[in-house]
Amino acid sequence: NTKNTFDDVAGLDEEKQEMIEIVNFLKNPDEFYKMGAKIPKGVLLYGKPGTGKTLIAKAFIAESKLPFIMISGSEINNAKDIKHLFLAARAKESCIIFIDEFDVMGKENKNNERIIAQLAYEMNKRDHVLVIATTRNIKEISSSLKRPKHFEMFVSMFLPDFDNRMQIIEYCCNKKRVDPSVSVKKLAKKLIGASTLEIIKIMNMAIEIAEQKHH
């Protein structure tokens, strides 16, 4: 189960909009098919650790309201695991497969050759299975998986800029009692270079300390 929605994704407006468009497609496929559009077989989210890849993927799953299977790349050990994964997904009318830490199994090396070949074979089938994956480094992912009919959509996740940092801080402060002396702008300037996850952790820690001290 996942309770995250797009309302919980702050400071990632462009990336969120790309994912919202796919959700709209999933909810109204006939309208898009009439226009000649087709849904991608795979969406690959890539960027530095803590930039919100897993958060936005979970929000996408929740918003789509489709059955899903969530797995880490480190849990896939051989080609049979991929085959069973897709068999389970195809047992449902429509299904999303979410693979976190995709670089563990998608990296081009001898150990992953059969896994990559099996995944490419399964994704090549036009059915109602959508694969979403996250990776830190897209360059490490096998070139065969980045061809059409496999991963067709790539969403880059960057460290938040000043405006995005302000949005994240404001989101963390929402429905909290904030002292009037607190300046969101000053905090955003001090947190330059921090990832989305780091900012959320810092803000949550500050809120916990304030609550403990009754500030």
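Residues numbered from 1 in each chain as written. Predicted model: local features only at pLDDT ≥ 70, side-chain atom pairs only at ≥ 80, totals over all residues. Heavy atoms only, no water.

(A) Representation of the sheet that holds strand S5 (residues 151-157) in the model. Overall, parallel pairing links the five strands, which are arranged S2-S3-S4-S1-S5 in an open sheet. The outermost strands of the open sheet, each flanked by one partner alone, are strand S2 (68-72) and S5. Averaged over all neighbouring strand pairs, the angle between strand axes comes to 15 degrees, with direction disregarded. Here six bridges tie strand S1 (residues 42-47) to S5, and the two strands are oriented parallel to one another. Note that in S5 the partner of leucine 44 across the bridge is phenylalanine 154. The strands that helix H1 (residues 13-27) touches are S1, strand S4 (129-135) and S5; relative to S5, the one it contacts most, it runs at about 145 degrees. (Pairing = 2+ DSSP bridges. Helix = DSSP H or I, 4+ residues; strand = E, 2+ residues; numbered from the N terminus. Axes fitted to C-alpha atoms, helices over the stretch in contact; angles between N-to-C directions. Contact = heavy atoms within 4.5 Å.)

(B) Expanded view of a positive patch on the surface. On the surface, Lys185, Lys186, Lys189 and Lys190 cluster together into a patch of positive charge. With respect to the helices, strands and loops of the structure, lysine 190 is situated in helix H8 (residues 184-190). (Patch = residues over 30% accessible without salt bridge, like charges linked within 9 Å, V, L, I, M, F, W, Y side chains within 5 Å. Areas by Shrake-Rupley, 256 points an atom, 1.4 Å probe, with all protein chains shown as cover. Salt bridge = Lys/Arg side-chain N within 4 Å of Asp/Glu carboxyl O. Lys, Arg positive; Asp, Glu negative; His and termini not counted. Charge placed at Lys NZ, Arg CZ, Asp CG, Glu CD.)

(C) Looking closely at the environment of aspartate 30. Assignment of secondary structure puts aspartate 30 in helix H2 (residues 29-34). For aspartate 30 and phenylalanine 86, which are 56 residues apart along the polypeptide, the C-alpha to C-alpha distance reads 24 Å.

(D) Region of the structure containing the environment of serine 74. Within the secondary structure, serine 74 is located in the loop between S2 and helix H4 (79-90). Taking C-alpha positions, serine 74 is 40 Å from lysine 34, a pair spaced 40 residues apart along the chain. Here serine 72 takes part through its side chain, which lies 3.0 Å from a polar atom of the side chain of serine 74. (Polar contact = N/O pair within 3.5 Å; in protein donor to acceptor, adjacent residues only side chain to side chain.)

(E) How the structure looks around unusual backbone geometry. The backbone of glutamate 101 sits at a positive phi, close to 55 degrees, despite the residue not being glycine. As for its position among the elements, glutamate 101 is in the loop between strand S3 (95-100) and helix H5 (103-106). Judged by relative accessible area, which is 42%, glutamate 101 ranks as partly exposed. If you check the backbone angles, histidine 214 has positive phi at about 55 degrees while not being a glycine. With respect to the secondary-structure elements, histidine 214 resides in the segment after helix H9 (196-212). Residue histidine 214 is classed as exposed on the basis of its relative accessible area of 73%. (Buried < 20%, exposed > 50% of the residue type's maximum accessible area, 1.4 Å probe, protein only.)

(F) Representation of the packing of helix H7 (residues 162-173) against H9 within the structure. Running from N to C, H7 and H9 cross one another at 35 degrees; their axes reach a closest spacing of 10 Å. Relative to H9, H7 is oriented so that their crossing is right-handed. Every residue of H9 that contacts H7 at Arg165, Ile168, Ile169, Cys172 and Cys173 is listed here: Thr196, Ile199, Ile200, Met203 and Ile207. (Left-handed = near helix turned anticlockwise from the far one by under 90°.)

(G) Seen up close, the packing of H4 against helix H6 (residues 113-123). Direction vectors running N to C along H4 and H6 enclose 25 degrees, while the axes themselves pass 8 Å from each other. Relative to H6, the element H4 lies roughly parallel. For the element pair H4 and H6, the recorded crossing hand is right-handed. Across the interface between the two elements, Ala79, Ile82, Lys83, Phe86 and Arg90 from H4 touch Arg114, Ile115, Gln118, Leu119, Glu122 and Met123 from H6. Each residue belonging to the contact of H4 with H6 can be placed in one class, and the counts come to six nonpolar, one polar and four charged. (Parallel < 35°, antiparallel > 145°, perpendicular 65-115°, else oblique. Nonpolar A, V, L, I, M, F, W, Y, C, P; charged D, E, K, R; others polar.)

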